[in-house]
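Summary of the model geometry
If you want the building blocks of each chain, they are given just below.
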Amino acid sequence: MKADPIGVLTGTHFFDGDHACCEGALAAGCRFAAGYPITPSTEIVERFAQRAPLVGGMFLQMEDELAASIAIQGAVWAGAKAFTVTSGPGFSLMMEHIGFAAMTETPCVIVNVQRGGPSTGLPTLPGQADMMQARWGSHGDYELIALAPSSPQECFDLTIHAFNLAEQYRVPVLVMMDECVGHMTEKVVIPPASEIEVAPRRYTRLPRGEYVPFHAGPDGVPEMVRAGEGYRIHVTGMTHDEQGFPAPTVEAQQKLVQRLVEKIRRNAEAIVRYEETGVEDAEVVVVAYGITARVARRAVELARQQGVRAGLLRPVVVWPFPENRIAELARRVRAFVVAEMNLGQIALEVERCSAGNAPTVLVPHGGGAVHHPEEILEVILAQARTEEVLR
Amino acid sequence: MSAPVEAPLAANPVEAVLRSFRMPHIWCPGCGIGTTVNCFARALEQSKLNLDKVVVVSGIGCSGRVAGYLDLDSFHTTHGRAIPFATGMKIANPKLTVVVYSGDGDLVGIGGNHFIHAARRNLDLKVICINNFTYGMTGGQMGPTTPVSALSSTTPFGCFEPGFNLPHLAESAGAVYVARWTTYHVRQLAHTMGEMLRKNGFSFLEIISPCPTLYGQRNRLGDGLAMMKHFKQQSVLRHGAPTKEVGIELQGPIAVGKFVDIERPSFLDVMNEQLGRTLEAEYAGCVKDHVPD
Ligand SMILES: Cc1ncc(C[n+]2csc(CCOP(=O)(O)OP(=O)(O)O)c2C)c(N)n1
Ligand code: SF4
């Protein structure tokens, strides 16, 4: 399905990442946003509040992030596409409802413009330290999808992609921006609506009586309905059977949780997306995402200038993680260097996936500013040299 | 002498609105929640509304399980958050009649912030609160409505905190319709629920309901029937009473009736009016008109 032109601001713009994200949501067909002000994410919904009434949408400022993250789900079950945006402390408050969306298979998008934490941390400065919280933050076993844009253009593109993935897999999708990407201004090209693919909701065609709300198709994803259409569905965050009713049994739990997890794991190869630069012949592969990937690219260039075969792997989809690709590379590279604006999160994942076949070296950063390319370069060079000595 | 002819069992008129296949329900014998559901089913029946367009949203608790037993589109959300879920739903599709049905702990304990803001916004939500003076589902702890000196599992020496006067809270925060009955008042309950279904704006009904298993037993109030009789004895009909005066104490009177029924433009009225006025022809209307079919 193509985007509805009413929401698409076709043209070449000079936008910051926050505004680009808002335009991405509108282009994707999002017509409901709820949120609670928090730096550095607020500009997204400020723009939405301005733009939405002109395109048939609505922004609702809620009393807190708990409210915002569940109000969007009410809107979704009424038939709208909906999102909320936040940062650190607000993201923490949303955890329960990320789990609710996973459990009830409510397609929705949550944007986290990451700042330095923990707690109030650095309200106006960047961080990337919510990456594991994004993956594991709500209680229980579940899977979701998280994307990490590294430019305003990608804030636009990946927000659309987030809405599409949410509809396709009926999961909450997280857009893990950071303050730098959110506040940096660059050229953003918005194509004509006819060139923007949007995923429609997977509504059932079955009549009431034949429709089984949580009976999954071959890809593990059940078809949906919305309130008010006569299906008289029940939706609960409790462990439920295929009809949607509470089923507090070991069997129902196993069946449901397994499916919720499998629908992402089994489709992971289709969901995973990463970008590689100079990885083909690389001896040292830098893994970096978001704004840090841009700094890392410079470090890789500098390393190449010094004759070290370095490459960059940038996960665009961070969760699910490009597990197979890392495992494959681990069998032939000397080392992974992971640069991220935290004290070691995605590095743990790279280490896990490389399964001891190549060392993983972290270039940490406490947050508040991006790395210097030289910091990353130094580690790349050290890895290249160490390996030579060992050989 | 002919054998007595047995009249065929008349189908329970409320059955059409209930998910009979989900019975037996989870509530204890003597619990008041089921009684209120019956009243609600009756009100729905009599409302002549298209029930395909009526949605019930609950939070978590014994009362939160109501959503699962009504044959409507029903949403059993998270603890305290039924109101914000309902808020998103109503705004995204104003044609739905959205009823929030939950417990006192859920709505005004953990969900208290949402409650006051929803009343302030005056979005058209019908909020039905089962007040059993305790947290039933978790085993009878004190809650935001437990009266001073009442016993609960977490106030073994009596509660030290005054409970909320819910009608007063609702009115102060902006509700346009506020009523209270007990589970003894089944006809009045159905009538009030019917009025709420027709009212535009944030309407609130508090139902004093027995939890004989926990609150009743601990406070020696007897079984469900005894508690109901007690409610009946303590009830004082006070239509239009200033809500400030209707707080409830442990053995004190229970003011019942309709306390507030006023007109105030609802959230959607104000929104549409204001956006229409400022944006004129540019205003693209509410969300629902743009939800693709
Ligand atoms: C976030 C969260 N905290 C605590 C609980 C545990 N819990 C479940 S029901 C409940 C209390 C419900 O009390 P009330 O709303 O008065 O309903 P009742 O059971 O009395 O009908 C609590 C505390 C929960 N489910 N979620
Ligand atoms: S514990 Fe109390 S409120 Fe819960 S079902 Fe039993 S009697 Fe009702």
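Only a predicted model underlies this, so the values are computations on that prediction, with no experimental measurement involved.

**Things to note about the layout of surface pockets**
Residue and element names in this part refer to chain A. Approximately 430 Å³ is the volume attributed to the largest pocket. Contributing to the lining of the largest pocket are 23 residues, with Gly99, Met103, His139, Gly237 and Met238 lying nearest its centre. At the level of elements, helix 5 (95–104) and helix 9 (250–265) are the ones that each hand at least two residues to the lining of the largest pocket. In terms of residue count, the dominant contributor to the lining of the largest pocket is helix 5 (five residues). When its residues are assigned to classes, the lining of the largest pocket shows nine nonpolar, eleven polar and three charged. Along the wall of the second largest pocket there are 18 residues; nearest its centre are Pro320, Phe321, Glu323, Glu349 and Arg352. Where the lining of the second largest pocket is concerned, the elements lending two or more residues are helix 6 (131–136), helix 10 (268–271), helix 12 (323–330) and helix 13 (346–354). Per-element accounting of the lining of the second largest pocket gives the leading share, four residues, to helix 12. Grouping the constituent residues of the lining of the second largest pocket by class yields eight nonpolar, one polar and nine charged. Split by domain, the residues of the lining of the second largest pocket number at least three in each of domain 1 (2–195) and domain 2 (275–387).

**Quick look at the site of ligand 2**
Taken together, Trp27, Cys28, Cys31, Cys62, Asn132, Cys211, Pro212, Thr213 and Leu214 of chain B make up the full set of residues adjacent to ligand 2. Considering only residue class, the shell around ligand 2 consists of seven nonpolar, two polar and no charged.

**Here's the deal with the pattern of salt bridges**
Counted according to the given criterion, the structure contains 37 salt bridges over all chains. Among the ionic pairs, Arg232 of chain A bridges to Asp71 of chain B, the shortest N-O distance being 3.9 Å. With Arg232 of chain A in the loop between strand 9 (185–190) and strand 10 (234–236) and Asp71 of chain B in the loop between strand 1 (54–58) and strand 2 (73–76), this pair bridges two chains. Accessibility classification places Arg232 of chain A together with Asp71 of chain B in one group, the buried group. One salt bridge in this structure joins Glu262 of chain A and Arg266 of chain A, with 3.8 Å as the shortest N-O distance.

**A few points about the domain arrangement of chain A**
All names here are of chain A. Per the domain assignment, the segments making up chain A are domain 1 (2–195) and domain 2 (275–387). Using only C-alpha atoms to locate each centre, domain 1 and domain 2 end up separated by 27 Å. Of the residues lining the interface, 27 residues belong to domain 1; the matching set on domain 2 comes to 23 residues. In terms of surface lost to domain 2, no three residues of domain 1 exceed Gln128, Met131 and Met132, which account for 32% of the buried area on that side.

**A look at the environment of Val148 of chain B**
Residue and element names in this part refer to chain B. Mapped onto the elements of the fold, Val148 is located in the loop between strand 4 (125–131) and helix 5 (166–173). Each C-alpha atom of the pair Val148 and Gln46 lies 39 Å from the other, and the pair is 102 residues apart in sequence. Aside from chain neighbours lying at most four places away, what touches Val148 is Cys159, Phe160, Glu161, Pro162 and Leu250.

**Overview of the side chain of Glu65 of chain A**
Residue and element names in this part refer to chain A. Within the secondary structure layout, Glu65 lies in helix 3 (residues 65–77). Although buried, Glu65 forms no salt bridge, and the nearest oppositely charged side chain, Arg115, lies 8.2 Å from it. Residues within four places of Glu65 in sequence aside, it is in contact with Tyr36, Ile38, Thr86, Gly90, Leu93 and Met94.

**Here we look at helix 2 (residues 82–92) of chain B**
Within helix 2 of chain B, eleven of the eleven residues are buried, leaving the element largely enclosed by the surrounding structure. Among the residues of helix 2 of chain B, those classed as buried are Ala82, Ile83, Pro84, Phe85, Ala86, Thr87, Gly88, Met89, Lys90, Ile91 and Ala92 of chain B.

**Remarks on the interface of chain B and chain A**
Across the contact, 48 residues belong to chain B and 43 residues belong to chain A. Of the roughly 3700 Å² buried between chain B and chain A, counting both surfaces, carbon and sulfur atoms make up 60%. Of all residues in chain B, Asp73, His76 and Phe85 of chain B give up the largest surface area on contact with chain A, accounting jointly for 14% of the area buried on that side. Our count for the contact surface shared by chain B and chain A stands at four salt bridges. At the junction of chain B with chain A, the criterion picks out 20 residue pairs in polar contact (both at pLDDT 80 or more). Only strand 2, helix 2, helix 4 (112–121) and helix 9 (267–279) of chain B provide two or more residues apiece to the side of chain B that touches chain A. By residue number, the principal contributor to the side of chain B that touches chain A is helix 2 of chain B, which donates seven residues. Grouping the constituent residues of the side of chain B that touches chain A by class yields 22 nonpolar, 14 polar and twelve charged.

**Some words on empty space enclosed by the protein**
Residues and elements named next belong to chain B. One pass over the structure, following the stated rule, counts two cavities of 30 Å³ or more. Of the pockets and cavities examined, the largest cavity occupies roughly 100 Å³. In terms of lining residues, the largest cavity is bounded by 13 residues, among which Phe133, Tyr215, His230, Phe231 and Leu250 are the most central. No other element matches helix 8 (residues 224–234), which puts four residues into the lining of the largest cavity. Residues of the lining of the largest cavity, tallied by class, amount to nine nonpolar, three polar and one charged. Of the volumes computed, that of the second largest cavity is approximately 40 Å³. If you trace the second largest cavity, you find it lined by Asn131, Phe133, Thr145, Gly163, Phe164, Asn165, Leu166, Arg180, Glu206 and Ile248. Looking at side-chain class alone, the lining of the second largest cavity contains four nonpolar, four polar and two charged residues.

**A look at the site of ligand 1**
Lining the immediate surroundings of ligand 1 are 17 residues, of which Cys62, Ser63, Asp106, Gly136 and Met137 of chain B lie closest. Looking at the residues close to ligand 1, they fall on chains A and B. Taking Asp106 of chain B, its main chain carries an N or O atom lying 2.7 Å from an oxygen atom of ligand 1. In the environment of ligand 1, an oxygen atom lies 2.9 Å from a nitrogen or oxygen atom belonging to the side chain of Asn132 of chain B.

**Observations concerning the domain arrangement of chain B**
Residues and elements named next belong to chain B. If you check the domain split of chain B, you get domain 1 (14–262) and domain 2 (265–293). Each partner contributes residues to the interface: domain 1 has eleven residues there, and domain 2 has ten residues. A combined buried area of about 830 Å² lies between domain 1 and domain 2, and 66% of that area is made up of carbon and sulfur atoms. Counting across the domain 1 and domain 2 interface gives zero salt bridges. Here domain 1 is connected to domain 2 by three residue pairs in polar contact (both at pLDDT 80 or more). Looking at the side of domain 1 that touches domain 2, the element that brings in the most residues is helix 2, giving three residues. Residues of the side of domain 1 that touches domain 2, tallied by class, amount to four nonpolar, four polar and three charged.

**Side note on the confidence of the model for chain B**
Of the residues in chain B, 94% have a pLDDT of 70 or more, and the chain-wide mean is 94. Predicted complex metrics record ipTM = 0.97 and pTM = 0.97.

Each value, and the rule that gives it
- Residues numbered from 1 in each chain as written.
- Chains lettered and ligands numbered in written order.
- Predicted model: local features only at pLDDT ≥ 70, side-chain atom pairs only at ≥ 80, totals over all residues.
- Heavy atoms only, no water.
- 1 Å grid on protein atoms, 1.4 Å probe; cavity = no way out; pocket = protein on both sides within 12 Å on 5 of 7 lines; lining within 4 Å.
- Points joined across faces, edges and corners; volume = space filled by probe spheres on them.
- Helix = DSSP H or I, 4+ residues; strand = E, 2+ residues; numbered from the N terminus.
- Nonpolar A, V, L, I, M, F, W, Y, C, P; charged D, E, K, R; others polar.
- Domains from an automatic or database assignment.
- Near = heavy atom within 4 Å.
- Salt bridge = Lys/Arg side-chain N within 4 Å of Asp/Glu carboxyl O.
- Buried < 20%, exposed > 50% of the residue type's maximum accessible area, 1.4 Å probe, protein only.
- Contact = heavy atoms within 4.5 Å.
- Buried area = accessible area lost by both parts, 1.4 Å probe.
- Lys, Arg positive; Asp, Glu negative; His and termini not counted.
- Polar contact = N/O pair within 3.5 Å; in protein donor to acceptor, adjacent residues only side chain to side chain.
- pLDDT = per-residue confidence, 0-100.

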